[in-house]
Each structure stands twice: as structure tokens, then as C-alpha cells.
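Residue-level structure breakdown
Now for the letters of each chain:
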Amino acid sequence: MPLRHPGALDDGVEFSAIKLAVARGRSPWADVFARMRANRHDDPAYMPHPVAVLVRGAGRGQPPQNYASLFNDAAVAYALSLDWRISGNAARGAAAARILNGWARGLTSITGTSDKYLASGLYGYQLAIAGETLRDFPGWAQDDRAAFRQMLLNVFAPMNRDFLLRHNGAKIDHYWANWDLSNIAGLMAIGIFADRRDLYEEARDYYLHGAGNGAILHAAWKVHPGGLAQWQESGRDQGHSLLGIGLAGTICQMAWHQGDDLFGAYDNRLLAAARYVASYNLGQDVPYAPYSNSDVTQPAISSGGRGQARPIWSLLYAHYVQGMGLHAPELARIIAAQGPDGGGGDYGPNSGGFDQLGYGTLTFLKP
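The present account deals with the structure reproduced in this document. Keep in mind that what you see is a predicted model, and the values were worked out from it rather than measured. (Residues numbered from 1 in each chain as written. Predicted model: local features only at pLDDT ≥ 70, side-chain atom pairs only at ≥ 80, totals over all residues. Heavy atoms only, no water.)

Details of the overall build of the protein chain
- If you tally the helices and strands in the protein chain, you get 14 helices and 6 strands.
- Here the C-alpha radius of gyration of the protein chain, 19 Å, is about what a compact globule of 367 residues would show, namely 21 Å.
- Dimensions along the principal axes, computed over C-alpha positions, put the protein chain at roughly 55 × 55 × 40 Å.
- Expressed as a percentage of its 367 residues, the buried residues of the protein chain come to 58%.
- Summed over all atoms, the accessible surface of the protein chain reaches about 13500 Å², with 51% contributed by carbon and sulfur.
- Averaging the locations of the 31 positively and 32 negatively charged side chains of the protein chain gives two centres separated by 1 Å. (Helix = DSSP H or I, 4+ residues; strand = E, 2+ residues; numbered from the N terminus. Rg over C-alpha atoms; globule rule 2.2 N^0.38 Å. Buried < 20%, exposed > 50% of the residue type's maximum accessible area, 1.4 Å probe, protein only. Areas by Shrake-Rupley, 256 points an atom, 1.4 Å probe, with all protein chains shown as cover. Lys, Arg positive; Asp, Glu negative; His and termini not counted. Charge placed at Lys NZ, Arg CZ, Asp CG, Glu CD.)

Observations concerning unusual backbone geometry
- Cis rather than trans, the peptide bond between H5 and P6 has omega equal to -15°.
- Turning to its location among the elements, P6 is positioned in the segment before α1 (12–23).
- Geometrically, the link from S27 to P28 is a cis peptide bond, its omega value of 10° lying close to zero.
- As for its position among the elements, P28 is in the loop between α1 and α2 (29–38).
- In this structure, N268 is a non-glycine residue whose phi angle is positive, near 55°.
- Mapped onto the elements of the fold, N268 is located in helix α11 (residues 265–281).
- Classification of N268 by relative accessible area gives partly exposed; the value is 23%.
- Of note in the backbone geometry, Y359 takes a positive phi value of approximately 60° without being a glycine.
- Of note, Y359 is situated in the loop between α13 (329–338) and α14 (360–363).

Some points on the pattern of salt bridges
- Enumeration according to the criterion identifies 18 salt bridges in this entry.
- Ionic pairing is found between D205 and R204, a salt bridge with its closest N-O pair at 2.9 Å.
- With a relative accessible area of 16%, R204 lands in the buried category.
- The residue E233 makes a salt bridge to R236 at a minimum N-O spacing of 2.8 Å.
- Its relative accessible area of 0% is what places E233 among the buried residues. (Salt bridge = Lys/Arg side-chain N within 4 Å of Asp/Glu carboxyl O.)

Side note on empty space enclosed by the protein
- Under the criterion given, the structure shown has 2 cavities of 30 Å³ or more.
- As a volume, the largest cavity reaches approximately 150 Å³.
- Taken together, 13 residues form the lining of the largest cavity, with T250, P311, L315, Q356 and F364 sitting closest to its centre.
- Within this model, the second largest cavity holds a volume of roughly 50 Å³.
- Every residue lining the second largest cavity is listed: H41, F71, A75, Y78, A79, Q126, G344, F354, Q356, L357 and Y359.
- In terms of residue class, the lining of the second largest cavity is built from 7 nonpolar, 4 polar and no charged. (1 Å grid on protein atoms, 1.4 Å probe; cavity = no way out; pocket = protein on both sides within 12 Å on 5 of 7 lines; lining within 4 Å. Points joined across faces, edges and corners; volume = space filled by probe spheres on them. Nonpolar A, V, L, I, M, F, W, Y, C, P; charged D, E, K, R; others polar.)

So, the packing of aromatic side chains
- Scanning the model with the defined rule gives 15 aromatic pairs in all.
- With a centroid separation of 6.0 Å and an interplanar angle of 25°, the aromatic rings of F163 and W179 are classed as stacked. You can see F163 sitting in helix α6 (residues 142–166) and its partner W179 sitting in helix α7 (residues 177–193), a full 16 residues away along the chain. By the burial criterion, F163 is buried, and W179 matches it.
- Each residue in the set Y67, F71, Y123 and F354 is aromatic and connected to the rest through ring pairs, giving one cluster.
- Taking NZ or CZ as reference, R306 lies 3.6 Å from the ring centre of Y280, over its face. (Phe/Tyr/Trp six-rings, centres within 6.5 Å; stacked < 30°, edge-to-face > 60°. Lys NZ or Arg CZ within 6 Å of the ring centre and 35° of its normal.)

A short note on the nonpolar core
- Counting 125 residues, the largest nonpolar core has F156, Y207, W231, I245, W313, L316 and L362 as the members making the most contacts within it.
- At 12 residues, helix α3 (residues 68–87) tops the list of elements feeding residues into this core.
- In this structure, W313 is in contact with L242, I245, A274, V277, A278, L331, I334, I335 and Q338, ignoring residues within four places of it in sequence. (Core = buried A, V, L, I, M, F, W, Y, C linked by side-chain atoms within 4.5 Å. Contact = heavy atoms within 4.5 Å.)

Here's the deal with the packing of helix α5 (residues 116–134) against α6
- It is the contact of α5 with α6, at a shortest axis distance of 9 Å, that shows an interaxial angle of 140°. Considered as vectors, α5 and α6 are oriented oblique to each other. In this structure, α5 meets α6 at a crossing whose hand is left-handed. Facing K116, Y117, A119, S120, G121, Y123, G124, L127, A128 and G131 of α5, the residues of α6 in contact are F148, M151, L152, F156, M159, N160, D162 and F163.
- Here the contact of α5 with α6 is built from residues that sort into 11 nonpolar, 5 polar and 2 charged. (Axes fitted to C-alpha atoms, helices over the stretch in contact; angles between N-to-C directions. Parallel < 35°, antiparallel > 145°, perpendicular 65-115°, else oblique. Left-handed = near helix turned anticlockwise from the far one by under 90°.)

Some details on α2
- Among the residues of α2, those classed as buried are W29, A30, V32, F33 and M36. Each buried residue of α2 lies within a common arc of 165° when the element is viewed along its axis, so the set occupies one face.
- Turning to α2, the residues buried within the fold contact α1, α3 and α14. (Arc of directions from axis to C-beta.)

Structural notes on the pairing of strand β3 (residues 220–223)
- Both β3 and strand β4 (residues 229–231) contribute to a ladder of 3 bridges, which runs antiparallel. By the bridge assignment for β4, A220 is matched with W231.
- Between β3 and β4, which follow one another and run antiparallel, lie 5 residues, and G226 among them has a positive phi close to 100°. (Pairing = 2+ DSSP bridges.)

What follows is the structure in C-alpha cells.
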């Protein structure tokens with residue numbers, strides 16, 4: 001069965017509805033579109049900063065880190081591609097293509113400490129989703145699209161697959177859930193953009209049945225009485241818990257557009273975990289079971305980073321509450337508390353502020 005396009009975060013029908021809502025000035029869609037236009041990452045004059053060797057992770061004998069060039073460029077490529085989809089602004093479409101072409105022709109490898117696998121996952125999924133959003137822009141030449149596709153398949157996808165299979169030579173439970181989820185998201189997004197159903201299905205199946213901590217039954221590993229599911233990184237800190245929930249939502253959203261319901265897997269296990277993480281980050285008490293793996297024992301939930309804002313909740317609310325009619329009052333409350341979603345650069349200048357592509361209020365809430 002062929003893969004569907006556009007088929008990453010939004011499909012063609014959804015893009016049309018968003019475009020109409022913005023054109024009619026409807027809130028919150030027009031408001032968030034204006035916020036995106038005001039962000040420096042939606043600038044058609046922006047010039048890309050490709051490198052041949054991307055480095056993430058500082059260590060003895062390692063070259064200097066330079067990965068900020070990519071997380072900024074990926075954020076710009078997505079914002080410009082999304083803007084083109086909504087506004088039809090050809091200058092922004094051309095600028096997005098210029099960024100993707102620069103990395104397609106320039107990047108040859110990713111290195112660094114083990115953090116290189118975070119780069120392969122996070123920036124792999126972000127670039128591929130930007131490309132999927134832009135894929136039928138008339139100004140993106142076929143040869144350039146082919147070169148971008150080949151770069152994703154040559155540089156990112158092998159690292160995604162290697163990490164999920166070998167985990168950098170570590171024990172299967174060594175790496176936190178977000179490491180697996182980053183590389184699942186990367187492999188899935190690349191599979192969709194590249195029309196490689198084998199890669200898409202490998203990522204889908206790992207999310208459902210994989211051995212590592214990113215598989216949903218290991219990530220949302222403990223269902224407490226009352227139905228909330230404890231997240232695997234809850235005893236570590238809340239920033240990484242939020243990251244993991246956001247990545248899992250991105251994976252489920254992509255799969256949904258390809259006809260696979262990962263949202264509903266294991267009795268809506270992701271929703272149970274999202275409600276758990278949202279509740280705690282709203283200041284509420286949640287149950288906690290001591291967590292142990294081969295490296296750590298965490299007897300109590302961590303308050304580190306509690307209440308941090310990330311643009312992850314609109315996607316989950318749109319699917320589970322607006323789409324499926326399920327009960328999740330925690331999601332509505334945290335959206336109300338944090339306000340409309342921004343994008344790259346709105347959540348700080350460091351890498352954590354760019355882990356999600358953002359603008360979910362615009363792209364996921366149903367007009």
C-alpha cells in the first residue's frame with residue numbers, strides 16, 4: 001500500500017481547513033499564524049548554515065559542537081514550509097527549499113558523543129517533516145527533492161535504525177525513553193517522506209512492540225488505580241518527561257495519517273501518560289511507583305523542571321478530546337495555563353527550546 005502525502009503532521013484536508021480559518025481571521029488560528037510570522041524563524045531572507053559533519057556532544061577528542069546550526073535551520077525550514085502551505089507565499093516556499101537543499105548538498109555525517117543519536121532522531125524527524133510539508137511546492141525542483149531524500153536515507157535513517165537495534169552497545173534499558181522516541185520519530189518521518197514503507201513500518205512496530213524504553217508499554221510503564229500511567233522519565237525530571245510525551249504524540253500523529261491508530265494502542269496508553277504528566281506539571285499530586293533499571297533507582301518523582309512550557313499539548317487534545325471525545329480535563333487545563341503554542345525560538349535559545357516544531361494550536365486544533 002502506498003504511503004499518503006502530505007502525511008506527516010497534517011494532511012491535505014487539514015491544511016485546507018487551517019488555510020480557510022486563517023484567511024477568515026478566526027481565532028486562535030489567525031493569531032498563531034501572526035505569531036509565527038513575527039518569529040525570526042519565519043523569515044524568507046534567512047540563509048541556511050549547512051555543515052558537512054554535524055557534531056553533538058562535547059567530549060575529549062571530539063570536534064567542537066555545531067548542532068545549533070541545524071536545529072535553527074530545521075525550525076526555519078518548517079515554519080517557512082508551513083507558512084507557504086497556509087498563505088501560498090512563494091518566497092517563503094523558495095526559502096524553505098533553499099534551506100533543505102543546502103543540507104541535502106552539504107551534510108555527509110553526524111558525530112560526537114552518544115548524543116549524536118539524539119541529533120539523528122530529533123533533526124531527522126524535523127527535516128523530514130519540513131520536507132513533507134513542502135513536498136509539492138512547485139519551486140522545489142525534482143532533482144533537489146531527490147537529493148534531500150537521499151541525504152535523509154544516507155545520513156539519518158541508518159543512525160536511527162542502528163540506535164534502535166544496538167543502543168550504542170549499551171544494555172537495552174540504559175537509554176531513557178526520549179532517545180528511542182527521537183529515533184522512532186526520525187525513522188518514521190523519513191520513511192514517509194522517502195516513500196519507504198519498510199522504514200515507516202519498522203518505526204511503527206518498534207513503538208508498539210520494541211525492546212527499548214521508547215516502546216509505549218515501557219515508556220508508559222505503570223498504570224495506577226484511577227487510570228493515570230506513570231512515564232518512564234518521571235523520576236528523572238519533568239523536561240525530559242515532557243519531551244517524551246511530545247515525541248510520542250508526533251509519532252502517533254504521523255501514523256494516524258498513514259492509517260495506523262497508535263494513539264489508541266493498549267487502551268489509549270499514551271493518553272493515560274499525557275494526563276499523568278500534565279497533572280503533575282499543573283502542580284497536582286500524582287501516584288508514583290519507584291522506578292529502577294540497570295543504571296538507576298528513583299524512589300520518588302522529580303520536581304526538576306516542573307511546570308515547564310512546551311508546545312506538545314494541542315496535538316494530544318485535538319486527537320483525544322476533539323476527535324475521539326475522550327475525557328482528559330488535564331489537557332484542557334494545561335493548554336489554558338500555557339496559552340497558544342509558539343515555535344522554534346519561543347521556548348529559549350538552547351536545544352531544548354527546539355525539540356518540538358511547535359505551532360500546534362495552529363496545526364492541530366480543529367477549526
